[in-house]
Amino acid sequence: MAAQPSESLESAGRLIDQHLKADHSYVELSGQLRIASHQHTTYSGQTDTDYPSLSSSLPALAGLPYLGPVTHTPLPPELLQEFDNLQCNCAMGLLPEVRRAWLTIDSTIYMWNYEDGKDLAYFDGLNEVILAAGLVLPRPGVFQQHIQFLLCLTTAVEIVILGVSFTASATDPYCEMHLQPEPLFHIPSDNVSMLAVSGTPQGRLFLAGKDGCLYEIVYQAEDGWFSRKCRKVNHSVSRLSFLVPSFLSFSEEDSLIQITVDSSRQILYTRSEKNTIHVYDLGGDGSTLSSVASMTMDHIAHTSAVALRTADKSLVRPIVQLSVIPSSESSTLHMLAITKAGVRLYFTTTPNGVVARPSLLALVHARLPPGFSPSSAAQRPGNSTHQAFYRKGLLVLSSSQTEEKDMLWMVDSDMFPFAMTLMESHVSYPLEGRTWAIGESIEAGELEAVGSPRPLPPMVVSQHAQPPRRMVLLTTQGSYLVTRLRPVDQLQYLLEVSKGANSDTVEAFFHLHRDTQACATSLILATGSNQQLAAWATEALFKYGGEPHFVFPTTLGPANQAIGGSPAHFQATPTYQAGGQYPSSPAAAQGSHPRVVGPASQVPGPALGQYGMQTSGALGRALLGPEVQLSGKHNGLCRYLTRLLSPLWYEPVTVPYKPPGSNTEQFASRYTPEEVSVFAEQLNNLKAFLERNPQLFDSTADRFSSPASSNLNQRLLQFMRPEGMPTESPAHVQQSLLNKYKADAYLLERSSLTSLHLLVEHSCQCLSLLKLLCEHQLHLTVQKLSQEQQQELKAASFRSLVVCGQKLTSALIASLLTRYAGDTGLTDSLTARLRQMAPALFSQDDAIISKAQELVTMATVIQSRYEQLSMLRDSLKRYSQVTHQLDLSSVCSQYKTLRYYEGVVELTLCVAGRKDPQNLGLHYYKSGQPHDDVNGQRAFIEREQCYSVLTFTLGQLLSQDHTPAPPPSVPLKAGPPSPRAEEGAKDPLRDFEEMLTLALRSEDELFHVTLYSWLISVGLGDRLVEIQSAFVEDFLKHTAAIQADNLPILDLLWKHYEKARNYGSAARILDKLADREGPELSLDQRVEYLSRAVVSAKSCNLATSASTAGEFLHHLEEKMEVARIQLSIVETLRLLPGSADITAAIGLLNARLMDISTLYGDFAEPFGLAESKLAIVHCAGHYDPTLVESLWRDIIDNELHSSARSPAQTRMHGMRTKLLGLGQIYARSERFFPLSCIVELLERHSCQLQWDVHFVAGTLQELGSSLPSLFSIYDRLFKAKDPFWQSVNQPLHVLMASHSLLSSYANTPSLVAAYQRPSFNSVVLDAIDHYLVELQTMSPSTRNMTQTITDFRALQMRVQRIL
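Residues numbered from 1 in each chain as written. Predicted model: local features only at pLDDT ≥ 70, side-chain atom pairs only at ≥ 80, totals over all residues. Heavy atoms only, no water.

### Structural notes on the overall build of the chain
Next up, step 1: If you tally the helices and strands in the chain, you get 46 helices and 39 strands.
Next up, step 2: With 1363 residues in all, the chain has 51% of them scored as buried.
Next up, step 3: In the chain, of all internal contacts separated by at least 6 residues, the share reaching a separation of at least 24 is 63%.
Next up, step 4: For the chain, the exposed surface amounts to about 62800 Å²; the carbon and sulfur share of it is 52%. (Helix = DSSP H or I, 4+ residues; strand = E, 2+ residues; numbered from the N terminus. Buried < 20%, exposed > 50% of the residue type's maximum accessible area, 1.4 Å probe, protein only. Contact = heavy atoms within 4.5 Å. Areas by Shrake-Rupley, 256 points an atom, 1.4 Å probe, with all protein chains shown as cover.)

Below, the structure written as structure tokens:
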């Protein structure tokens, strides 16, 4: 199956990462020189490998040119006649930063363009001989903007500073030079001749005094209170040195003759006439100055001679030039001194290269010039070097041959860019005249950056983007421009000379630079505009670029390793990588594809990398398997593409900024449209090359012959054959294995090249898009993005934009088109342009989305609701066509803003359906969401994500409904309400109901599942009961089955059954809920569930006549009765004094429903709950007279005990209430309401507490006890003659209670039924007679006896009258 574009882009992106890492995996200068510490001085230049000869190793390259054509420009003819006026002094120099040379003749200075000898300017306003001249940058904010540089001229008596400005042309910012006629400053020199001038990027101006002091010209815009506008400061004496005349100095004079500034580290160096070097620290910001260290020539000569192991100190003295080694070249070497013999002395100013600021001056390495190796036949520069120059690894020496001729020497390491040690090539060139100055012609915009974070990669990495380096030498015969050819220039020369690629010299070039670097170099020419040269370079690429093949191990040892290693230096690893990481070796830095050998280090040694396949040899030994080595064409293409993309790859696409006076962050492009055009042109050229050469993607293995095919069969068999196996094998086995491996290698390379081709196309389109965005004000387009998208853009690099930024680029395009919504002509034009230049970023589907978005944007400004809905429906149709790449959330948000809820629902459901056409998500849901159903799970998640957009919109409407409405306000003007007023008049709740109704019409069951779940989550679960859908029951049943503990779902399920009149199912769910164990339900809720279950069961019993329904109802009623007892126990326990046992018991009783035995044994009995025990006995139908009477006794005693501190009347009323409550339950059951026992117990307490004598009988009569039965009990009670009454001194209490009972009868005969009255009267009269007899036999002293007799006689007469 072919890889998807995103996978191919990611694969190609990883390739670029690896090759970018490889390009930055080089050994920096201190590592190449093998410098270990600042305390030890190493040396080099004495071995053949320091200056290798190509003519001996690659004879075909003996004539390889190093220099291009040398351009000689004579001195301007106007100057020649001025030499006749020379009287005192003449000097010459270069100002390469503005491409000017200068000449002083006595007091006049002349300047001209050294490239063409034109634009001659001069200044003759001085009266004294000019000693030194220098061009420096001005301090910011001091002068007007047209002053671009300051020209400092020194004489024996004064220092003059002139303003310099330039008129720019289209191609040259320094086209025409203008010197201000009047000096800006005049400063007296105090009789100190200034011999050199130098400046810093901050505008500081330093002078080298003949007295050996370092001076600085400090200037400002205006005079201050304590400082002049311009003054001279001596930094070698004190801060007040300008107050001290120079004749008061008595120190030995050692004139300063050179000042050089390291602007990358803010360090200043001086060299004196006696070659003493002094180091000054300018501070971290370059605004201060302090002396650090110095070193004399004697010390330098001794140290270097010892290191070079030579007694000839003339090699290292004197010094003719100090040159800075900026941080962009080395992190640990800081300065280079060049001697008269061409020896280079390397210095550092920090210990071990790790301290930020300079603290010392140490000579760490001495390197001899060419010609000192034992077998070298090269000529030496000799001890006659009088001018030297060094910059970015290029050393230029000018040595005297005769008085009128010089020899130019150029030494650099560009031929060996990735060598582990410093290997340099050299060339010499004779010059006419004596050299006065050497410099490098710096192109516009090529000024060195200050403070590069790490050493820059070798020149070969950037040769495609930089012109050849040009050195300018100023001699008495004029200026010489010498071009140092780049490798690509050398290859071009070889191709042109050979008239094609079929030559030994071109082949030797590929051997010299290795296939990856050579192929990358040839691609620069192959993608160029010169068609003939491009054809030759393409031919060389295919001829010498090799083919993918397998590398077979020759031994059972470890995998191939790189030869040599990086020496430790300054306690840091010298191999640099992008991102500031340091791999331990070049091999580690290269990286590799899985099972593929990646780009090999460009150092002498075998190719690196592992295929990663292993086999087992004899006796269990592990053998490394064959390794895939991709071709040089492939690796060269990767490397060249990497170099094209490297300025962009990891850099952010945009730069945030805040406009003046605004706190709002805006975004600007990191690159101008012109810069983007340059990058795009290079990539488009590469794209055209790939399209012109489809043979790159040819997978036919027989098309080319592998370089290793001559002995591949034999090596293959040696590898595959275990020990002891016969050497003879069938030929077809050899051939089949060979074909298999070869085919795999070709397929792997073809796949990789295809991914690279896609990356090139995508990069071109991204650059085209960036250019278009820049042309249409990027910051306005970005403002249309969401905050999340803006933050994503802020962090996006070009890599992320190309490899995985499809959504972001789509958002940018949509935002751009949205800006012009309503202008159909312009949007159609932009759409067509986008389709043409970026079809992968803006496809036909994108165009449809763009048109739909335009309709939505136009709908926002339409006043007519009818027209608005028409546009929105049209947009919905378009969106529905391209659901696979739709930003559903954004579109639905817009629809919601326009209150087009139908669009939100339909589009969401449409997108979800398209994502799962086979309905795998629903099957996954109904199957219980099994873990092994990966496809179903993916479909389920994707559909859920779509549905979440809809539910999110519903949630927004729901939350808006709870937002307080704004206070009413008076319209600002007459007429219809404004759109804002209509907006405020919206009813979110009505909109919510409308959208919910639309959503419920869907036939998508999985959507209903999501919607129902959402309703429950927001507290609207009860709405499910009202929904008339077959999906509701399935959802609730499914959810209840997989979430057995989900109480809300079960609640909704029984409500749904009840609503649907399925009472039986509702009753069973309710019964199940009541039986749930756990603290989430209280006993009250359980009882309520049972109560509802009983009601539902009764309704079901009415609807059906099934016996099972009746049995279930009976079961529920019995359970309900026990549950009520359990509830009464809980209520009783809550009234008891709190304790841990009671709390625990209540918790247990709330946790579940219990059977009646448990209630009695575990709760009622231990806690002495008599009423509960009576209820349990009554419920169980267990009759035990003794137990029942005992329980009643306990009930009465508990009641009296609980009211012990209350008044008698209160206690009586409490007892009455208790009796009435219990009597309503048990009065009809004689077994559980023992009337005789209750009467006796109550009368005893009534007697003791002196309650109303009629209290007991009256209360029992209220409960329905008949008067005859009560009288019978009282009669027996009196006749029993219980000694209790005597003990309480109330022997007549029972008679008095009987009298009260009978009096009620006498007052209301109807209390006894008419048919019972005769017999009852007879019984009463007999009893009264008996009572009177008994009273008369009692002691006369008995309390209330007389009154009692009187009362009974009166009662007797009243009863007799009833008859």
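### What to know about the pairing of strand 25 (residues 385-391)
Next up, step 1: Burial analysis of strand 25 places 6 of its 7 residues in the buried class, the great majority of the element.
Next up, step 2: Pairing of strand 25 with strand 26 (residues 394-400), which is carried by 6 bridges, proceeds in the antiparallel orientation. Within the sheet, the bridge partner assigned to Phe-389 lies in strand 26 and is Val-396.
Next up, step 3: Linking strand 25 back to strand 26 in an antiparallel pair, the connection comprises 2 residues, with Lys-392 at a positive phi of about 55 degrees. (Pairing = 2+ DSSP bridges.)

### So, the pattern of salt bridges
One side chain can pair with another of opposite charge once the charged atoms of both are near each other.
Next up, step 1: Counting across every chain of the model gives 47 salt bridges.
Next up, step 2: Glu-993 serves as the salt-bridge partner of Arg-1023, at 2.8 Å between the closest nitrogen and oxygen. With Arg-1023 in helix 29 (residues 1023-1026) and Glu-993 in helix 27 (residues 988-1000), the pair connects residues that are 30 residues apart, well separated along the chain.
Next up, step 3: By relative accessible area, Arg-1023 is classed as partly exposed at 21%.
Next up, step 4: A salt bridge links Arg-1076 to Glu-1080, with the shortest nitrogen-to-oxygen separation between them at 3.1 Å.
Next up, step 5: By relative accessible area, Arg-1076 is classed as buried at 10%.
Next up, step 6: Each of the salt bridges in this network shares a partner with another, and the network as a whole consists of Glu-10, Arg-14, Asp-17 and Arg-799. (Salt bridge = Lys/Arg side-chain N within 4 Å of Asp/Glu carboxyl O.)

### What about the sheet that holds strand 26?
Next up, step 1: If you trace the 4 strands from one edge of the open sheet to the other, you get 25-26-27-28, paired in antiparallel fashion. Of all the strands in the sheet, just strand 25 and strand 28 (425-432) have a single pairing partner and so form its edges. When strand polarity is set aside, the average angle formed by the axes of neighbouring strands in this sheet is 15 degrees. (Axes fitted to C-alpha atoms, helices over the stretch in contact; angles between N-to-C directions.)

### A word on unusual backbone geometry
Next up, step 1: In this structure, Pro-318 follows Arg-317 across a cis peptide bond, with omega equal to -5 degrees.
Next up, step 2: If you trace the backbone, Pro-318 turns up in the loop between helix 5 (297-308) and strand 21 (319-324).
Next up, step 3: If you check the backbone angles, Gln-266 has positive phi at about 60 degrees while not being a glycine.
Next up, step 4: Looking at the element boundaries, Gln-266 is found in the loop between strand 17 (256-262) and strand 18 (267-272).

### Some details on the confidence of the model for the chain
Next up, step 1: Taken residue by residue, the chain gives an average pLDDT of 82. The fraction at 70 or more is 86%.
Next up, step 2: For the stretch residues 699-713, pLDDT sits under 50, and the model shows 18 contacts to residues farther than four places along the chain or on other chains.
Next up, step 3: Predicted confidence for residues 978-985 stays below pLDDT 50, and this span has 2 contacts to residues more than four positions away or in other chains. (pLDDT = per-residue confidence, 0-100.)

### A word on the side chain of Gln-266
Next up, step 1: For Gln-266, a relative accessible area of 6% gives the class buried.
Next up, step 2: Beyond its immediate stretch of four places on either side in the chain, Gln-266 contacts Gln-202, Tyr-280, Asp-281, Leu-282, Gly-283, Gly-284, Asp-285, Gly-286 and Arg-357.

### A word on the packing of aromatic side chains
Next up, step 1: Counted according to the given criterion, the structure contains 25 aromatic pairs.
Next up, step 2: Judged by centre distance (5.6 Å) and plane angle (85 degrees), the ring pair of Tyr-671 and Phe-679 falls under edge-to-face. The pair Tyr-671 / Phe-679 is uniform in exposure class, with both members buried.
Next up, step 3: Note on Phe-1284 and Trp-1285: the rings are 5.1 Å apart at their centroids and 75 degrees apart in plane angle, and the pair reads as edge-to-face. Take Phe-1284 and Trp-1285: they sit in the same class, and that class is buried.
Next up, step 4: Pairwise contacts between aromatic rings join Phe-143, Phe-185 and Tyr-219 into one cluster.
Next up, step 5: A cation over a ring is seen here: Arg-139 above Tyr-219, with NZ or CZ 5.6 Å from the ring centre. (Phe/Tyr/Trp six-rings, centres within 6.5 Å; stacked < 30°, edge-to-face > 60°. Lys NZ or Arg CZ within 6 Å of the ring centre and 35° of its normal.)

### Considering the packing of helix 38 (residues 1185-1202) against helix 40 (residues 1235-1249)
Next up, step 1: Viewed as axis vectors pointing N to C, helix 38 and helix 40 meet at an angle of 25 degrees, and their least axial separation amounts to 10 Å. The pairing of helix 38 with helix 40 is recorded here as roughly parallel in orientation. Crossing of helix 38 against helix 40: the hand is right-handed. From helix 38, Glu-1189, Trp-1192, Arg-1193, Ile-1196, Asp-1197 and Leu-1200 reach across to helix 40, where they touch Cys-1237, Ile-1238, Leu-1241, Leu-1242, His-1245 and Leu-1249. (Parallel < 35°, antiparallel > 145°, perpendicular 65-115°, else oblique. Left-handed = near helix turned anticlockwise from the far one by under 90°.)

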